[in-house]
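Coordinates in review
Spelled out, the chains give:
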Amino acid sequence: KLPIDQIARRDVKLLVSGRGTMGNRILAWLSGLFEYAIREELIETNPCRSIERVVELPRERVLSREELTRIGQHLNDSAAADAVRLLAWTGCRRKEILDLRWEDVDLANRTLYRRDTKTGDRAKAVGDAAVALLERRKNGTDWVFPSARTNGPMREIRATIGEAFIAAEVWK
């Protein structure tokens, strides 16, 4: 336990070394703390400066059919869970699904129309399961997944995704 003004670069380096990408997170947090201490005139320099971070490579992981099945078994009947299902079944981006309006859904032709997406306007054919889910979700609002708090679309489904992944033992 050192007073903040006695923490040296070597102390920080010792703390973060060997921790991989977690060391990067710790370093970023500590650096912010030390920058605050500088603004408050508690210290003069940030001991995190010039400590090299671990190179982080982008990770891409494709879920197996068995993992997707397990995740699906752990989703409840909430609107957020339905949004997660539609994500998996369509391959759309999260924002594309959450911003989906009923005017962009053509159940008769089994198509979702997405305007102004990251890759431009596009039409997306959907299968039986997605059509059944959309039929069930008809709600009399502009949004397929309306927010419970505002007049706009639902904004957050990360907790639902995380809970299902953990319960399905995809993330441990």
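The following refers to the structure shown. (Residues numbered from 1 in each chain as written. Predicted model: local features only at pLDDT ≥ 70, side-chain atom pairs only at ≥ 80, totals over all residues. Heavy atoms only, no water.)

**A few points about the overall build of the protein**
Stated formally: Strands here mean DSSP runs of E at least two residues long; helices mean DSSP runs of H or I at least four residues long; both are numbered from the N terminus. Radius of gyration here is computed from C-alpha atoms only, and the compact-globule reference equals 2.2 Å multiplied by the residue count raised to the power 0.38. Buried means the residue's accessible area, taken with a 1.4 Å probe over protein chains only, is under 20% of the maximum for its type, while exposed means over 50%, and partly exposed covers the values in between. What sets the accessible areas is the Shrake-Rupley method with a 1.4 Å probe; for residues, cover comes only from the shown protein chains. This count recognises Lys and Arg as positive and Asp and Glu as negative, with His and chain-terminal groups excluded. Each charge is placed at NZ for Lys, CZ for Arg, CG for Asp and CD for Glu.
For the protein, the count of helices and strands is seven helices and three strands. In sequence order, the secondary structure elements of the protein are arranged as α-α-α-α-α-β-β-β-α-α. A compact globule built from 172 residues would reach a C-alpha radius of gyration of about 16 Å, whereas the protein, at 23 Å, exceeds it by more than 25%. The C-alpha extent of the protein, read off along each of the three principal axes, is 70 × 35 × 30 Å. For the protein, buried positions account for 35% of its 172 residues. When the accessible surface of the protein is totalled, it reaches about 12000 Å², and 51% of it is carbon and sulfur. Across the protein, 31 positive and 26 negative side-chain charges occur, with their mean positions spaced 3 Å apart.

**Regarding the sheet that holds strand β3 (residues 122-125)**
Short version of the rule: Paired strands are those between which DSSP finds at least two bridges.
Reading across the sheet, the three strands line up as β1-β2-β3 and stay open at both edges, with antiparallel pairing between neighbours. Single-partner strands in this sheet number two, and they are β1 (105-106) and β3. Examined bridge by bridge, strand β2 (residues 111-114) and β3 share four bridges and lie antiparallel to one another. Within the sheet, the bridge partner assigned to Arg114 lies in β3 and is Arg122.

**Observations concerning the packing of aromatic side chains**
Definition in use: Classification of ring pairs uses Phe, Tyr and Trp, with its six-membered ring standing for Trp, and accepts pairs whose centres are within 6.5 Å; under 30 degrees between planes counts as stacked, over 60 as edge-to-face, and the remaining range as tilted. Charge-over-ring placement is defined geometrically: NZ (Lys) or CZ (Arg) within 6 Å of the ring centre, and within 35 degrees of the ring normal.
Counting across every chain of the model gives zero aromatic pairs. Lying across the ring of Trp143, Arg101 places its NZ or CZ 3.9 Å from the centre.

**Details of the environment of Leu98**
The test is simple: By definition in these notes, contact holds between two residues if any of their heavy atoms fall within 4.5 Å.
Its place among the elements puts Leu98 in helix α5 (residues 94-98). According to the relative accessible area criterion, Leu98 is buried, its value standing at 1%. Counting along the chain gives 25 residues from Leu98 to Gln73, while the straight-line C-alpha distance between them is 22 Å. With near-sequence residues (within four places) excluded, Leu98 lies in contact with Ala83, Trp143, Phe145, Pro153, Met154, Arg155, Glu156 and Ile157.

**Digging into the pattern of salt bridges**
Our working definition: Salt bridge, as used here, is a side-chain nitrogen of Lys or Arg placed within 4 Å of a carboxyl oxygen of Asp or Glu.
In this structure the tally under the stated criterion is 14 salt bridges. Note that Arg93 is salt-bridged to Glu96, the shortest N-O span being 3.6 Å. Exposure remark for Glu96: the relative accessible area of 5% places this residue in the buried category. For the salt bridge of Asp99 with Lys95, the shortest nitrogen-to-oxygen distance reads 2.5 Å. The class for Asp99 is buried, based on a relative accessible area of 17%. Members of the salt-bridge network, linked through shared partners, are Asp82, Arg85, Arg136 and Arg137.

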